[in-house]
Every structure is written in structure tokens, then in C-alpha cells.
Amino acid sequence: MELFLTRLIEGTNNGVVYGFLALALVCTYRGSRALNLAQGEMAMFCTFIAWELVHHGFPVVLAIVLAAAVGALTGGVVERTLIRPLGRNADYPVLLVCIGLFLGVNALAGVIWGGDPKAFPNLVPSGPNDYVSVFGARLHYQDIAIAGILVVVVTALYAVFRYTRLGLAMRVAAGNPDSALLLGVRVNRMNSLGWVFAGTVGALLGPLIAPGTLVSTSMFFTFIIYACAAATLGGFDSPIGAVIGGVIIGIVENLVASYVSFVGDSLKLAVALVILLIVLMVRPSGLFGTREAARV
Amino acid sequence: MSTPRRRITVVEDSMLHRGLRLVRAAAVVGLVYALPYLVEPFRLSQITGACTYAIVIVGLNLLSGFGGQVSLGHAAFFGLGAYTTGILTTKHGVSAPVSFIVDIVLAFVVGALVALPALRLKGIYVALVTLAVGLIFPALVTKFASLTGGAAGLFGVEYGAPNTAYFGGFNGDTLWHYWLVMIGLGLSCLVVRNLVRSRFGRGVVALRDNEAAAIVMGVRRTSVRAVTFGTSAAIGSLAGGLFAVTNGILTPTAFSLLLTLYLLAGMIIGGTGTFWGPIFGGFIVYYVPVWAGDLSSVDSGSNLAGVFLGAIIIVITFVLRSGVLGLLRAATGLVFVLQPRIPTHTTRAPAEHAGEAGDVARRPGGPTSTPADDLDVPVRPDASSRI
Amino acid sequence: MSKKLVVRALATLAVVTTTAACSSPSSGGGGGKSTPAGTSGTSSGQSAAQKAAAELGIDLSKCPTDITKPLSGTVKIGGTLALTGPVAPALAPLLVGEKAAVDDLNATSGLPVKFSLTVKDDQFAPDKTAVAAQELMQSDKVDFMSGTVGTANVAAVEPLAQKYCVPLIPGNAGGASVDNPKKYPFTTLWGSPSYVDVKGWFQYLQEKFPNGAKVALMTANTDSGLNYLAAANDLSKGTKFQIVSKTTLDATDTNAPSSQVTTMKASGANVLLASVSPGPQCASLVNEVAQHGWKPDAFLITNSCSTLALMKPAGAAAQGVMTNLWLNDPSSASAASDAGLQKILAAIKKYQPGQPINGSTVSGYSVMQVFFKAAQQAAQSNLGLSRLGILYAAWHMTFQTAAWVPGLVYSMDFPNDVVNLEAEQLSSFDAKAGQWEKIKIYDFNGQTTGKASVPS
């Protein structure tokens with residue numbers, strides 16, 4: 001029983017991280033219907049900035065907040081300078097720009113900070129004994145903290161999207177920009193906002209997982225894939241869906257990897273990918289996404 | 001552009017037009033034959049490598065450029081062909097040409113199967129399906145290590161040169177590989193060209209431009225998409241087999257998402273939906289990291305080259321919206337004007353479509369596709385009466 | 001369109017017929033076959049060269065250039081390294097060390113010729129390594145190659161080194177599959193092979209647990225990890241050590257290896273052996289083990305993780321973790337009093353000022369040291385300073401370098417001992433001091449040929 005619970009908790013911890021990054025992807029999608037493959041690298045860059053601040057004596061919380069601000073700024077700048085000028089229906093150019101960002105940001109971080117991984121301090125005590133015991137299984141404070149922050153962020157985003165005029169304006173701007181313009185919605189600003197949110201969320205996530213994964217240029221390589229799977233499962237335009245999707249994937253992946261010996265450790269990613277494929281075949285809009293109907 | 005420039009008017013399909021195309025074809029063949037005499041053997045290896053990528057991009061272009069389906073997993077088909085050839089030749093004693101055929105058939109089937117979930121999807125969802133397929137591949141290779149050599153790699157794949165005088169010298173193998181890849185490239189280009197110019201190809205493009213209308217007009221979406229995917233995968237797989245025999249060593253990390261991203265970049269930079277674009281794309285994908293690396297070896301210990309690569313890709317997206325080929329078209333458009341053949345039963349005066357061949361007209365609402373000057377697809381920006 | 005087909009067919013036909021007639025472009029560049037003429041001085045020198053070549057299994061008549069000819073002027077050495085791509089930042093210090101070494105040793109080694117190093121980018125991809133090596137051998141006409149990193153990459157260079165008779169002294173890889181002097185005598189290796197690391201582990205385990213133990217093994221999904229797995233399987237056979245749990249970790253997996261640790265802990269093992277990719281996974285694993293509250297009686301980690309920069313981030317959790325050191329880490333406490341190491345550091349600072357220095361920099365330096373040492377030994381031998389001479393020396397050399405932990409010796413004696421480093425310094429991590437505490441040296445000199453190299 002204890003082993004099963006441990007695995008369940010591990011899966012949830014992973015899933016929380018996937019959902020967090022998926023949330024950033026959802027924000028970008030809501031902003032300009034784009035899949036930002038470079039989201040992880042941008043988050044990684046902000047994590048390095050947070051590390052730099054901590055290295056120079058800033059308190060951890062302040063460093064994280066500042067890094068989130070940088071993330072917000074970066075998101076907005078990227079959208080304004082690189083994405084918006086490409087115009088609408090520019091699927092390929094946007095994809096290409098994201099690819100360029102992916103490669104360039106990754107390399108830039110390597111140039112500035114080098115190849116050695118760096119330690120990042122924890123927000124909450126994270127020694128081997130800092131955990132809550134759940135029927136014998138361990139639930140560490142750091143993981144509770146990450147989950148807690150995620151809940152706060154997703155609730156805030158959900159509230160903004162659903163209950164404010166801003167959220168409504170964003171939805172219209174992304175779905176039907178022409179009508180939105182006629183209605184007086186500042187479509188450009190709404191597009192930017194999506195990327196700003198995404199940048200903030202990513203920059204928040206990095207320092208939270210850094211104590212475990214260490215700050216390095218490759219820290220987000222695999223997470224972005226899981227995030228894509230999570231966002232697909234949950235629905236690309238649903239923040240809550242992204243988080244729930246992430247947790248589901250995390251749990252299923254860990255349980256399958258642990259109890260199905262064929263899968264083992266090497267096909268863990270494959271589990272998430274298979275889930276992704278099944279979702280796309282059965283219900284592409286995901287669990288909580290809005291079904292899109294196109295007028296012919 | 002009010003002052004008309006003096007340009008040569010070429011009527012489509014006239015003797016002059018055919019002559020020009022013949023000259024172009026002959027020049028290409030001549031270049032291919034002459035290259036080994038002109039460059040050093042390692043350069044020939046580089047060109048072989050670039051053209052191997054070009055073959056994959058030709059296949060990718062069929063799917064994405066002409067078919068309009070984003071593929072984030074093409075490296076998997078490349079890898080499928082490479083490993084199939086590798087395993088068959090090293091562990092089962094199959095000869096390389098036979099393994100190439102197996103590559104093609106196997107990839108065609110797999111590709112067609114992958115097309116099925118992607119049938120009803122659009123936009124980023126198609127991208128995600130292909131992403132998933134593309135990522136599963138290296139994981140499977142690593143998992144079945146006893147078959148594929150796993151992470152340690154598969155060694156010793158080779159296809160020796162035949163015993164003739166031409167291939168007999170010290171660098172015979174290099175030359176042989178060069179010819180293998182050139183023939184593969186030529187065949188792939190031919191296949192794609194004929195496919196696109198056929199009735200089938202018109203269906204592919206129609207589905208890309210307006211799926212609902214195409215279906216209404218009788219294009220069978222399932223079979224067209226499946227065959228397109230299958231062919232595209234088969235071409236990529238052939239390239240993989242060629243890659244395996246020209247390099248001899250296969251590792252799963254060579255077929256990662258990173259390669260797919262490079263291939264996509266190559267396709268777009270070369271010119272999406274064109275015939276010669278993928279070849280440029282292959283060279284760009286191969287050579288930009290090489291130049292970046294040369295730059296970097298001057299300044300030790302810095303990864304600025306990677307930054308350059310990313311920056312170049314972004315800059316090119318803005319500067320060369322229609323890719324290198326668009327630039328070339330604009331250049332030739334300064335000299336030549338392609339005048340379409342006028343159907344004799346209309347009463348319209350032969351209007352001069354200014355700069356038709358050179359116009360880098362971007363169609364709204366879709367990936368860039370400029371009408372190739374020898375492509376019979378009835379999609380013109382200012383088509384009025386034709387559907 | 002059919003006309004075009006006809007024209008194309010005609011063109012192809014023309015090509016085919018002319019290839020039969022015209023001269024082949026494939027014979028250029030190699031320069032045809034050369035005879036080992038008596039250009040190497042005295043007559044006894046010639047037979048010595050032939051004897052040496054025969055011993056190494058080299059057919060001098062197949063070499064495109066005369067490798068017995070004495071070298072003069074500036075001799076070119078070529079290298080391939082990942083200068084771009086995701087692994088480039090980690091490998092960059094190697095290049096700094098290598099360049100500094102070439103400048104320093106040119107000045108101090110007392111050789112009549114100077115050496116220059118040209119490094120080309122290979123993006124860590126074996127196919128690009130092969131092309132870069134070809135460029136170096138054909139265009140830059142290097143006389144030697146040195147410092148190629150990675151097992152698959154060295155494997156890509158080996159056949160070329162063989163074909164062009166350009167010695168690779170040394171390749172930087174720990175995989176047994178590329179230590180193949182019978183097939184590829186032109187390639188020597190440098191560095192601690194994976195097999196020797198594992199042998200050191202089991203030596204320690206046999207001393208500490210004379211009644212055996214249950215072993216949990218974690219390996220990376222890389223060629224190095226597979227080497228560790230094979231070595232562990234081989235060395236545990238017939239002993240009282242049972243491998244009860246095997247887990248793997250992807251090199252690119254950035255998640256902390258939580259589920260693997262859970263599996264291994266649940267298996268009841270009391271010994272943990274781990275080979276992960278050098279990088280964040282080292283500290284990540286150590287951290288995870290502590291977070292799970294698992295305290296194995298012995299926790300041995302690969303020597304790729306022995307750099308202090310990779311272990312320190314784990315903090316107190318790393319207390320008691322053991323490894324086999326072989327590289328002298330400039331940030332270790334003993335470095336300040338190590339005169340030889342300080343000399344090396346001074347040289348690096350002198351010739352590559354402004355570059356950060358870490359363990360990889362020093363290891364890059366020591367890669368070139370092997371080459372220069374072989375050159376010095378060759379200069380004094382009756383083979384002289386020629387390609388063959390330096391290669392022969394590299395295969396029959398014993399020397400100590402300050403870049404390695406004191407007590408470890410590079411020792412090769414073809415054909416009985418073809419593994420360059422067969423000794424390890426067992427050490428335990430002291431988390432408070434943030435340093436490795438040395439315990440004892442295991443020396444398996446001469447015992448691992450055939451296991452850490454391809455069996456002949």
C-alpha cells in the first residue's frame with residue numbers, strides 16, 4: 001500500500017509540473033492560437049536569471065518574483081516583435097520563429113552561464129526529513145508548495161478568463177479577430193497578453209522545480225513534450241483542463257512505468273505520447289476544451 | 001512599377017520555354033556529373049550529406065508544402081529507414097538495395113497509418129500527432145536495444161562500391177555514395193513532381209486549400225491524405241537508408257526532435273511548396289551549423305554559433321518570406337516573364353500578367369505556395385473565372 | 001513531359017558511357033600507393049620501422065603517405081569536438097585545455113618540431129565527425145588526430161584513421177568497443193574506461209561485504225551506461241553479489257529520478273551502483289535517494305560525476321557517496337599544494353587567459369600531454385619523430401601526469417596491455433568540507449585487456 005501511494009504521489013508531483021507548463025502553453029494558445037515550442041526554453045532562461053539574482057544575494061522569493069516579471073516582459077516583447085509582424089494565418093513562419101527561439105535561447109543561456117548545472121535554493125525546507133507522512137508514503141513540503149502555487153495561479157487565470165471583461169476580450173480576439181476589432185477590442189493587446197501570461201507562468205515554474213532538477217540548459221527539454229500532451233488532454237483553451245490533464249498524465253505514466261515491466265523506465269515518455277495520440281483520435285478538443293465547429 | 005521593364009516574354013509550353021527547361025535540366029545533370037572532379041572528397045561527403053537531408057525535405061515538402069499538413073515527426077521516418085537498412089544489412093545479410101525497397105514499403109504503410117488519426121484534425125493538432133509519432137521512435141529504438149544496438153549505436157552499415165574503374169580509386173566509396181544519393185534525390189524529385197502534376201496531386205492541393213470544397217468536388221480525403229503521408233514517409237525513409245549506408249554508424253540521438261526542427265526550418269527557408277526549394281533547404285540545414293561551427297572554432301569555448309543559428313532562422317523568416325526560391329523567382333522575374341498559354345477559344349486579349357513568374361505573391365490564408373512556373377496547378381492569385 | 005524523359009534518359013546514358021571512358025575522379029586525394037622507401041635515414045631505422053609496423057599490424061604499403069618519414073617544420077594535429085549544439089557548453093572547457101597544452105608543450109617539451117592544433121565542429125554527431133575528420137585529413141592534411149570525444153564519434157574516426165594512416169592519439173572515450181587495436185591500430189584511447197570503474201566498485205564491495213549483498217543498479221540510456229551495465233553483469237557473475245534491481249534513466253530526462261529510486265529501494269537492495277550522464281542528473285539522483293529516506297550501505301556513483309561542481313549541489317545528501325576519482329580536480333582542497341597541477345593551471349592561465357577553469361579544462365590539457373609524451377618518447381627511439389614512431393610510442397608508454405590523481409599512471413604495452421588507465425582512487429564524499437576524501441587506490445594494471453577493450 002505504501003509503495004502504491006508513493007508512486008501515486010510521485011506521479012502527481014510530476015503531473016503538477018506538466019500541468020504548470022501546459023498552463024503556459026494554454027495562455028499562448030488563447031493569446032494567438034499558436035503552439036509555442038520555445039516556451040520551455042524561455043522559462044529556462046528566466047530561471048537562470050532568478051539564479052543569478054539569488055547568487056547576488058537577493059532573497060529567494062524576491063528573485064522569483066523578479067524573474068516572473070522578466071518572463072512577463074519577455075513574453076510580451078517576443079509577441080510584439082517576432083510573432084505579431086508575421087500576420088494572421090502564418091502557421092509556418094510562426095513555427096519557424098519558435099524553432100529559431102528554441103535553438104537560439106538554449107544556446108544563449110549556454111553562452112552566458114556555461115554548461116555546469118547550478119543549484120537553486122528551496123522556497124520551503126526541503127531536507128530529507130521535511131515531509132508529511134501519508135499512510136507511510138512521503139509527501140515533501142516542496143511538492144506541496146509547488147502544487148499550492150499552481151492551484152493559486154490556475155484559479156487566478158481561470159477567474160480572469162471566465163469572469164472578467166479582459167478574459168472575454170481575449171477569447172473573442174483569438175477566435176474571431178475581425179469581429180473583435182469591430183467591437184472595439186484591442187486585438188493586438190489581447191494577443192500580447194496571452195504571451196505575457198505564458199511568460200509569467202513559465203518563469204514561475206522554473207525556480208520551483210530547480211531545486212530538484214538543478215538549473216541547466218536542458219532542464220525543460222522533456223517537460224515541453226509532456227506539457228503538449230497535458231494541454232491536449234485537457235483542452236488547449238482550458239487552463240483548468242491543462243492542469244488536470246497534466247496530473248492525469250503524471251499519474252498514469254508513473255503507474256504504468258512501475259507496474260508494467262515492458263514499459264519500464266525507457267518508455268515512460270511513450271506512455272504520455274500514446275495518451276496524446278488516443279486523445280487526438282477520440283476527442284481532439286480534450287476533456288475540457290471547447291469543441292470547435294467550423295462553418296463551411 | 002509604372003515603367004515597364006524590358007523583359008523577355010516566354011509563352012508557357014512554347015519551344016523557347018521547353019528549350020529553357022531543357023537547358024536547366026542539362027545544366028543540373030552536368031553539374032552533378034562534374035562535381036566530383038571539381039571538389040575535394042570531403043566536400044563531396046558534405047554535399048552527399050546535404051542532399052540526403054534534401055531528400056527528406058522533398059518528402060516533407062510533399063506532405064507539408066503541397067499537402068498543407070505540418071509534420072513535427074519526420075525524423076522518425078528518416079530513422080525508420082536508417083535502422084531498417086542498418087538491421088537488415090548487418091544482422092540479416094540483406095543487400096542494401098533490397099533493404100531500400102523494404103524501407104520504402106514499410107514506411108509507406110506506417111505513414112499511411114499515421115495519416116489516419118490526423119485525418120479529421122487541423123492546425124496544431126496535426127502537428128501534435130506527428131510530434132508524438134516522431135518522439136516515440138527514438139524511445140523504441142533505445143528500448144529494443146538487442147535489435148537496434150540501443151543507445152550504444154549500430155555500427156558497420158555499409159554498401160560498397162561496385163568493382164568498376166570509375167569507382168576504383170582511393171575515394172571510390174565516397175564517390176559511390178555521392179552517386180547513390182544523387183540518384184535517390186533525382187528519383188524522389190521525379191516522383192513528387194509527377195504526383196503533384198497528376199490528378200491525384202490536384203486533389204492534394206485542393207484539400208490543402210479548401211478541404212470542404214474539395215470533398216464536395218469528389219476528392220477522397222482518406223485515400224488522398226493516406227497516400228500523401230505514405231509517399232512522404234517512404235521518401236524520408238529512403239533517405240534514411242541512404243544515410244545509414246553513407247555513414248555506417250546509427251545512434252538514436254541522431255533522429256530526435258531537433259532533427260525534425262532543422263528539417264522543417266530547411267523546408268521553409270528553401271521555399272515551401274516548390275520543387276527546387278527542398279534542395280536549397282537541405283544545403284542550408286547541413287551547412288549553416290558547419291559555418292557556425294567554423295566561426296566558433298576561432299573563438300574557443302563559446303556556443304555563440306548556436307545563437308547565430310537561431311537568430312539566422314528568425315531573420316530569414318522575416319526577410320525571405322517565400323524562402324530562397326522566392327528570392328530566385330524574383331531574380332528571374334527581372335529577366336523573364338512567363339506568359340500563360342491562351343486557350344484559343346476565348347475572346348480575351350492576351351493580357352500581360354506583369355511579373356507572373358517573379359511575383360512572390362503570398363496567398364492569404366495558408367502556407368506560402370507560389371505557382372511554380374512549370375506546375376499545372378490552377379491556383380493563381382488573380383484567377384477570376386476558374387474555380 | 002515525355003520528351004523530357006527521353007532527354008533525361010539520353011543524358012544518363014551519356015554519363016554512363018563517359019564514365020567508362022574518362023578518368024575516374026575517385027583516385028584523387030589519396031595520392032595512389034606509396035612504397036615504404038628508404039627515406040627514413042639509416043638502414044637499421046628502416047627495418048626497425050617495418051618491425052614496428054608489423055608488430056602493430058599495419059600494412060605500410062596500403063598507406064597513402066609514408067608514415068615512417070621524419071616530421072619537420074610545423075606538424076598539424078586535427079581534432080573534432082562539439083562546438084555547437086546542446087552538449088557544446090559542457091565540452092568547451094576541453095578545447096581550452098587542449099589549446100593551452102599545445103602552446104605550453106610546444107615551448108617546454110624540447111622537441112625539434114612544433115605542433116599546431118586545428119579543431120573542427122562535429123556537433124557531437126558521428127556522421128558529422130566523419131566528415132570533419134575527412135576534411136582534416138584530406139584538405140588540411142593533418143598528420144595526426146587527437147581529442148575526439150564520444151564513443152560513437154571515435155568509432156566514426158577509426159576507419160578513416162586506418163584508411164589515411166593518420167594516428168588518433170588519443171581518442172577521448174570510455175567504451176570498450178572502440179578500444180580495438182587489432183582492427184584499428186591507428187587509434188589509441190585516453191581516459192578511464194567504464195569497465196575499470198565498475199571493477200573498482202566490485203573490488204570495494206568484495207572487501208566490505210565478504211558475504212555478498214543485494215545490488216541495485218541504475219544506468220543511463222547511453223553507450224556509456226550500456227558499458228556499465230555490461231560490466232556490472234560480467235563482474236557480478238559467479239559472485240555473492242546479486243543484482244536485484246535494474247533501472248535506467250534517459251540522458252535527456254530532466255525529471256528527478258524519483259520513480260527509479262522508489263523501485264530500487266523497494267527491491268530490498270542495500271548497495272546502490274549508479275551510472276548517470278555527467279550533468280544535473282548526478283546531484284539530482286543523490287538528492288532523490290536522500291529524499292526517499294533510503295540509506296544504502298554503499299552508494300557508488302560513476303566517476304563521470306566525480307567533478308566537485310556536479311556533486312556539490314546535492315549538499316548534505318551526498319555525504320558518504322563514493323566514487324573512483326581519476327582526474328585531478330583544480331577545485332579540490334589538495335590542488336593548492338599539488339605543484340604539478342599548479343604548473344598546469346599556470347600554463348592554462350597563461351595561454352588561454354580569461355577562460356574559466358574546471359576539471360574538464362585540466363582533462364583537456366592531459367589529452368594533449370599524452371600526445372606530446374609519445375612524441376618525446378618517439379624522438380628518442382630508433383623510429384624517430386615520424387607518424388609511425390609516435391604511434392608506436394603511444395602504444396608502449398608509461399608516464400605520470402599531474403592532471404591525474406597522484407598514483408595513477410598511463411601505462412600501455414601493446415599487445416598485452418592496451419588499456420591506458422587501469423587504476424582508480426576510491427574516494428568518499430565529505431559533504432561538510434565539500435570535498436572527496438581519498439581512501440585507497442585500486443590498480444588493475446594489465447588485468448583488463450580484453451574486457452575494457454575488444455577481446456582479440
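Residues numbered from 1 in each chain as written. Chains lettered and ligands numbered in written order. Predicted model: local features only at pLDDT ≥ 70, side-chain atom pairs only at ≥ 80, totals over all residues. Heavy atoms only, no water.

A word on the overall build of chain B. The number of helices and strands found in chain B is 14 helices and two strands. Contacts spanning at least 24 positions in sequence make up 77% of the contacts within chain B whose residues lie at least 6 apart. (Helix = DSSP H or I, 4+ residues; strand = E, 2+ residues; numbered from the N terminus. Contact = heavy atoms within 4.5 Å.)

With that settled, the discussion passes to the interface of chain C and chain A. Taken together, the 31 residues of chain C in the interface contact 32 residues of chain A. Counting across the chain C and chain A interface gives zero salt bridges. Where chain C touches chain A, the interface holds nine residue pairs in polar contact (both at pLDDT 80 or more). Counting only elements with at least two residues in the side of chain C that touches chain A, the list comes to helix H3 (88-108), strand E7 (241-249), helix H8 (258-266), helix H9 (280-291) and helix H10 (308-311) of chain C. Across the side of chain C that touches chain A, the residue classes tally to 11 nonpolar, 18 polar and two charged. (Salt bridge = Lys/Arg side-chain N within 4 Å of Asp/Glu carboxyl O. Polar contact = N/O pair within 3.5 Å; in protein donor to acceptor, adjacent residues only side chain to side chain. Nonpolar A, V, L, I, M, F, W, Y, C, P; charged D, E, K, R; others polar.)

For the rest of this paragraph, the subject is the side chain of Ser285(A). Inspection of the secondary structure assignment puts Ser285(A) in the segment after helix H11 (268-282). Residues in contact with Ser285(A), not counting those within four places in the same chain, are Gly235(A), Thr290(A), Arg291(A) and Tyr125(B).

Let us now look at the state of the cysteines. Between two cysteines, a covalent bond joining their sulfur atoms is known as a disulfide. Residues and elements named next belong to chain C. Scanning the entire structure with this criterion turns up two disulfides over all chains. Here cysteine 63 connects covalently by a disulfide to cysteine 165, the sulfurs 1.9 Å from one another. Taking the torsion about the sulfur-sulfur bond, which here is approximately -80°, the covalent link between cysteine 63 and cysteine 165 counts as left-handed. Note that cysteine 63 is positioned in the loop between helix H2 (43-56) and strand E1 (74-81) and cysteine 165 in the loop between helix H5 (151-164) and strand E4 (168-172), a separation of 102 residues in sequence. For the pair formed by cysteine 63 and cysteine 165, the shared burial category is buried. When the bonded cysteines of chain C are numbered from the N-terminus onward, they pair as 1-2, 3-4. (Disulfide = S-S within 2.5 Å. Buried < 20%, exposed > 50% of the residue type's maximum accessible area, 1.4 Å probe, protein only.)

Right, let's get into the domain arrangement of chain C. Residues and elements named next belong to chain C. Each assigned domain of chain C is listed here: domain 1 (26-192 + 336-421) and domain 2 (195-325 + 426-443). On a C-alpha basis, the centroid separation for the pair domain 1 and domain 2 is 32 Å. Facing nine residues of domain 1, the contacting portion of domain 2 comprises seven residues. Of the roughly 690 Å² buried where domain 1 meets domain 2, counting both sides, 55% is carbon and sulfur surface. If you sort the residues of domain 1 by the area they bury against domain 2, Ser192, Val405 and Leu408 come out on top, with a joint share of 44%. Taken together, domain 1 and domain 2 are joined by zero salt bridges. Applying the counting rule to domain 1 against domain 2 returns two residue pairs in polar contact (both at pLDDT 80 or more). (Domains from an automatic or database assignment. Buried area = accessible area lost by both parts, 1.4 Å probe.)

Now for the nonpolar core. In terms of nonpolar packing, the biggest core is built from 203 residues, with Phe120(A), Phe220(A), Phe236(A), Ile249(A), Leu128(B), Tyr178(B) and Phe255(B) touching the most fellow members. In this structure, Ile249(A) is in contact with Tyr18(A), Tyr226(A), Ala229(A), Ala230(A), Leu233(A), Ala272(A) and Ile275(A), ignoring residues within four places of it in sequence. With 100 residues, the next largest nonpolar core counts Ile58(C), Val119(C), Tyr410(C) and Leu421(C) among its residues. (Core = buried A, V, L, I, M, F, W, Y, C linked by side-chain atoms within 4.5 Å.)

As a further point, take helix H1 (residues 15-38) of chain B. The terminal C-alpha atoms of H1(B), which comprises 24 residues, lie 33 Å apart, in line with the 34 Å expected from a rise of 1.5 Å per residue. Among the residues of H1(B), those classed as buried are His17(B), Arg21(B), Ala25(B), Val32(B), Tyr33(B), Leu35(B) and Pro36(B). (Expected span 1.5 Å × (residues − 1).)

Quick look at the pairing of strand E1 (residues 131-134) of chain A now. All names here are of chain A. Summarising the sheet, E1 and strand E2 (residues 137-140) pair through four bridges and their orientation is antiparallel. When the bridges of E2 are listed, valine 132 appears paired with leucine 139. Where E1 folds back on E2, the antiparallel hairpin that results is connected by two residues, among which phenylalanine 135 adopts a positive phi of roughly 50°. (Pairing = 2+ DSSP bridges.)

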